[in-house]
Each structure stands twice: as C-alpha cells, then as structure tokens.
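The residues making up each chain are set out below.
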Amino acid sequence: MTIQNPKPKIEATIAILGAGAWGTALANLAAANGHQVGLWSRESSESLADVIAGADIILSAVSMKGVRPVVELIKPLALSSDTIIVTATKGLDPSTTCTPAQIWQAAFPSHPVVVLAGPNLSKEIEQGLPAATVVASTDAEAAKVVQARLNSTRFRVYTNSDPLGVELGGTLKNVIAISAGTCDGLQLGTNAKAALVTRGLAEIIRIGTHWGAKTDTFYGLSGLGDLLATCNSPLSRNYQVGYQLAQGKQLPEVLAALQGTAEGVNTTQVLIQLANQQGISVPISYQVYRLLQGEVTPQAAVDALMLRDVKPEIGSWRY
Ligand SMILES: NC(=O)C1=CN([C@@H]2O[C@H](COP(=O)(O)OP(=O)(O)OC[C@H]3O[C@@H](n4cnc5c(N)ncnc54)[C@H](O)[C@@H]3O)[C@@H](O)[C@H]2O)C=CC1
Ligand SMILES: O=C(CO)COP(=O)(O)O
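Residues numbered from 1 in each chain as written. Chains lettered and ligands numbered in written order. Predicted model: local features only at pLDDT ≥ 70, side-chain atom pairs only at ≥ 80, totals over all residues. Heavy atoms only, no water.

- In the annotation of an unreviewed UniProt entry, the protein chain is listed under the name Glycerol-3-phosphate dehydrogenase [NAD(P)+] and assigned to Microseira wollei NIES-4236.
- UniProt, in the comment section headed Pathway (unreviewed entry), describes the protein chain in these words: "Membrane lipid metabolism; glycerophospholipid metabolism."
- The record held by UniProt for the protein chain lists under Subcellular location (unreviewed entry) the comment "Cytoplasm". (UniProt positions renumbered as here; feature names shortened; annotations may be inferred.)

**Thoughts on the site of ligand 1**
Then, number 1: Trp22, Ser122, Arg237, Thr261 and Glu263 are the nearest of the 24 residues found near ligand 1.
Then, number 2: Contact distances for ligand 1 include 3.2 Å between an oxygen atom and a side-chain N or O atom of Arg42.
Then, number 3: Ser63 places a main-chain nitrogen or oxygen 3.1 Å from an oxygen atom of ligand 1.
Then, number 4: At the level of secondary structure, the elements contributing two or more residues to the shell around ligand 1 comprise α1 (21–32) and α3 (64–74).
Then, number 5: It is α3 that provides the largest number of residues to the shell around ligand 1, a total of 4 residues.
Then, number 6: Each residue belonging to the shell around ligand 1 can be placed in one class, and the counts come to 9 nonpolar, 9 polar and 6 charged. (Near = heavy atom within 4 Å. Polar contact = N/O pair within 3.5 Å; in protein donor to acceptor, adjacent residues only side chain to side chain. Helix = DSSP H or I, 4+ residues; strand = E, 2+ residues; numbered from the N terminus. Nonpolar A, V, L, I, M, F, W, Y, C, P; charged D, E, K, R; others polar.)

**Some points on the packing of α3 against helix α4 (residues 100–107)**
Then, number 1: Between α3 and α4, the least distance of the axes is 10 Å, while the angle of their chain directions is 10°. Here α3 is positioned roughly parallel relative to α4, judged by the angle of their axes. Where α3 approaches α4, its residues Met64, Val67, Arg68, Val70, Val71 and Ile74 are matched on the opposing element by Pro100, Ile103, Trp104 and Ala107.
Then, number 2: Among the residues making up the contact of α3 with α4, the classes are represented as 9 nonpolar, no polar and 1 charged. (Axes fitted to C-alpha atoms, helices over the stretch in contact; angles between N-to-C directions. Parallel < 35°, antiparallel > 145°, perpendicular 65-115°, else oblique. Contact = heavy atoms within 4.5 Å.)

**Re helix α6 (residues 140–150)**
In an α-helix, one full turn covers 3.6 residues, which means residues spaced three or four apart are oriented alike.
Then, number 1: Inspection of α6 places Ala142, Ala143, Val146, Arg149 and Leu150 among the buried residues, and these make up the whole buried set. Across the axial projection of α6, the buried residues extend over an arc of 125°, all falling on one side. (Buried < 20%, exposed > 50% of the residue type's maximum accessible area, 1.4 Å probe, protein only. Arc of directions from axis to C-beta.)

**Overview of helix α7 (residues 163–185)**
Then, number 1: Across its 23 residues, α7 extends 33 Å between first and last C-alpha, which sits within 8% of the 33 Å expected from 1.5 Å per residue.
Then, number 2: Remark: the principal bend of α7, roughly 30°, maps to Asn174.
Then, number 3: A large share of α7 lies buried, amounting to 21 of its 23 residues.
Then, number 4: The first or second residue beyond α7 is Gln187, which carries a positive phi of 55°. (Expected span 1.5 Å × (residues − 1). Bend = angle between axes of the 7 residues up to and from the residue.)

**Structural notes on the pairing of strand β8 (residues 155–160)**
Put simply, side chains in a regular strand alternate between the two faces of the sheet.
Then, number 1: Pairing of strand β7 (residues 131–136) with β8 involves 6 bridges; the strand directions are parallel. Residue pairing for β8: Ala136 is matched across the bridge by Asn160.
Then, number 2: Running through α6, the crossover from β7 to the neighbouring parallel element β8 is right-handed. (Pairing = 2+ DSSP bridges. Right-handed = clockwise from strand over helix to strand, strands pointing away.)

**Focus: the site of ligand 2**
Then, number 1: Inspection of the region around ligand 2 gives Lys90, Gly118, Pro119, Asn120, Leu121, Lys173, Asp226, Thr230, Leu235, Ser236, Arg237 and Asn238 as its neighbouring residues.
Then, number 2: At 2.8 Å from an oxygen atom of ligand 2 is found a side-chain nitrogen or oxygen belonging to Lys90.
Then, number 3: A distance of 2.7 Å separates an oxygen atom of ligand 2 from a polar side-chain atom of Asp226.
Then, number 4: Relative to its unbound accessible surface of 300 Å², ligand 2 loses 92% to contact with the protein.
Then, number 5: Contributing elements (two or more residues each) for the shell around ligand 2: α9 (221–232) and α10 (237–246).
Then, number 6: A breakdown of the residues in the shell around ligand 2 according to their chemical character gives 3 nonpolar, 5 polar and 4 charged. (Areas by Shrake-Rupley, 256 points an atom, 1.4 Å probe, with all protein chains shown as cover.)

Now the structure itself:
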C-alpha cells in the first residue's frame with residue numbers, strides 16, 4: 001500500500017512496518033508531511049523487500065510479539081547503509097527481556113536506531129487532534145532527521161538523547177495504566193487515582209534508573225506525559241483491561257473483545273520476573289501481576305497496597 005500526498009513538504013521515503021492502529025496513524029502523519037510512505041503488514045500483498053527498498057527511514061510499529069519475527073525477515077534483505085530505524089513499539093521481549101530498540105540495534109549494529117514514544121493515543125491522532133512526541137537516540141543527527149520528517153502543526157516532535165529512558169517510560173506506564181483502569185472501574189475516586197499515578201511514576205523511575213535510564217527523562221512526555229494520557233483515557237487498551245477486570249470480567253474475555261494490543265499484560269510478566277531477580281520494589285506492578293494472574297481480586301489488590309508499611313516520601317523512588 002502506498003500513501004502519497006500531492007503537495008510534498010520534505011521528500012523522504014518512509015517504510016512503516018505494522019498496519020495496526022499506531023502504524024496506520026504514523027503512516028498518515030508521514031504522508032501528510034509529503035513523504036512517500038510504504039505501509040507493510042504481514043497481511044500485505046506487497047513484499048517487505050519492495051516496501052523497504054530505498055527507504056530513508058524504516059519505522060516499526062508492530063506489537064512486541066512481532067518485533068523479532070520482523071527483524072528476522074529484514075536481516076537478509078539489503079538495507080541502504082544510511083537507513084535510519086525507528087521503533088515505536090512499547091513492550092519487553094519475554095524470552096530475553098530486551099527492549100525493542102535493543103533488539104533492532106543488535107540486529108543492525110551499524111544503523112542508527114531511534115525510539116519514538118509519547119502520549120499518542122492513535123484514535124485522537126487519527127482525528128487530527130494536536131499531540132506531541134519524543135524521538136530519542138544516541139545518534140543525535142538521526143533523531144533530528146526523524147524530528148524534521150515527522151514534525152507538523154498537529155504532531156510536535158521533540159528530540160531526546162536517552163533512548164532507553166524514553167522507551168521504558170512508554171513501556172512501563174502500560175502496567176500502571178492497568179492499575180489506573182482498575183481504580184476507575186472500582187470507582188475509588190480522584191484522590192486514589194492521583195496517589196496511584198504518582199506512586200506509579202515513582203515505581204517507573206525506580207525501575208528505569210536501575211536499568212540505566214535517566215531520572216529526568218521520566219518527567220518528560222514519554223514518561224509522565226504518556227502516563228497521564230493512558231491512565232486517564234478509556235481509549236487506552238491497557239486502561240480498558242484494568243477497568244473491565246474491576247467490573248468482574250475475566251482476563252481472556254477482556255483480551256478477546258479488545259481492539260488491538262494491550263502490551264501491559266505481557267510487560268507486567270517480564271517486569272515482575274526482572275524485579276524479583278534484581279530485588280527492585282514494585283508494589284503497584286506486583287498487584288497488577290497478581291490481578292492478571294487471577295491470584296487476587298481488584299479490591300484485595302487495593303487493600304494490599306493500603307496495608308503496606310508506612311515510609312517517608314522524599315526520594316522514595318530510590319528504594
Ligand atoms: N495504538 C496506539 O495508540 C499506540 C500504540 N503504541 C504501540 O505500538 C505497538 C502497536 O500497537 P497497535 O498498532 O495499537 O497494535 P495493533 O494490535 O493494532 O497492531 C499490531 C500490528 O503488529 C503486527 N504484528 C503482530 N505480530 C506480528 C508478527 N508476528 N509478525 C509481523 N507483524 C506482527 C500486526 O499484524 C499489526 O499490524 C504496540 O507496542 C503499542 O504499545 C504506541 C503508541 C500509541
Ligand atoms: O501508548 C499509548 C498511548 O501513548 C496507547 O496506549 P494503549 O496501548 O494502552 O492503548
């Protein structure tokens with residue numbers, strides 16, 4: 001499928017992999033900026049080799065479970081040496097616990113890899129509503145190129161030099177969004193939700209900095225920004241999972257009816273495995289894990305959080 005805008009602003013060829021909700025929204029944003037856009041999915045009639053041929057940018061928006069298969073499909077294909085790889089997936093690989101950017105970088109060590117993440121509910125973006133995002137890379141020039149290609153009057157793009165922090169902000173907030181949906185589903189009120197989101201951010205910072213990301217990054221669009229968006233919007237699939245569990249539905253039933261992917265379900269499993277191995281305290285994520293496992297009711301999860309030992313707040317994301 002080729003999407004072209006009749007009045008090009010900046011000419012580039014962008015191959016978008018994954019024609020789900022996010023890949024399609026990004027393809028439309030890129031096309032509106034005048035780029036030649038190829039959109040590929042595993043259901044496409046066009047071959048992957050044809051879609052990525054001559055691409056300046058390859059942007060992957062497949063869900064986490066598609067990242068490795070797609071990387072393996074691209075490896076034997078010829079990429080131009082200066083092709084920039086952009087990853088917009090928010091998840092962790094269950095078998096290796098790697099982030100999507102780590103998987104892409106390991107497969108294509110000589111190519112710049114840029115992470116794209118922010119408060120970007122695709123349905124709002126498809127409606128033409130304004131939004132902002134972050135493109136992050138250790139290759140500052142590559143991040144600037146992606147910024148110039150995607151920035152527009154309705155999609156404001158910031159650069160950032162902490163790709164791990166940007167990627168983890170977008171990934172870990174999905175776990176907290178499940179808890180926020182549960183909080184709203186139980187009608188626990190605004191105070192409870194504010195406490196949950198604030199302590200959720202402390203938890204994200206504790207994990208993210210332990211894994212090597214910068215604290216400041218989590219206060220930006222890809223951390224706090226995305227946390228606010230997904231914890232407060234019924235458009236978020238992760239929020240919907242928590243909300244519907246709180247209404248007494250079972251997880252398989254919720255996931256079967258969900259439109260698209262709720263990455264937080266798998267991310268929670270990987271996160272708890274790592275947190276246990278590394279001795280990181282993640283009380284909210286742990287209750288989300290128990291809820292998803294069916295080991296605890298939504299109300300019992302709330303009770304467990306409220307019954308924890310009291311502690312000082314200042315600097316408490318460190319322990
Ligand atoms: N929808 C949204 O608002 C946003 C989504 N994201 C992230 O983008 C990613 C994709 O999300 P959505 O587009 O919403 O999901 P979706 O479920 O609508 O689409 C997923 C896409 O991945 C592809 N895919 C899955 N397994 C595959 C495999 N084995 N091989 C090849 N392709 C495979 C599917 O064919 C589909 O094109 C997720 O990681 C999500 O967290 C990020 C920002 C916004
Ligand atoms: O990441 C998102 C918005 O930034 C999309 O959230 P959901 O995957 O929960 O729908």
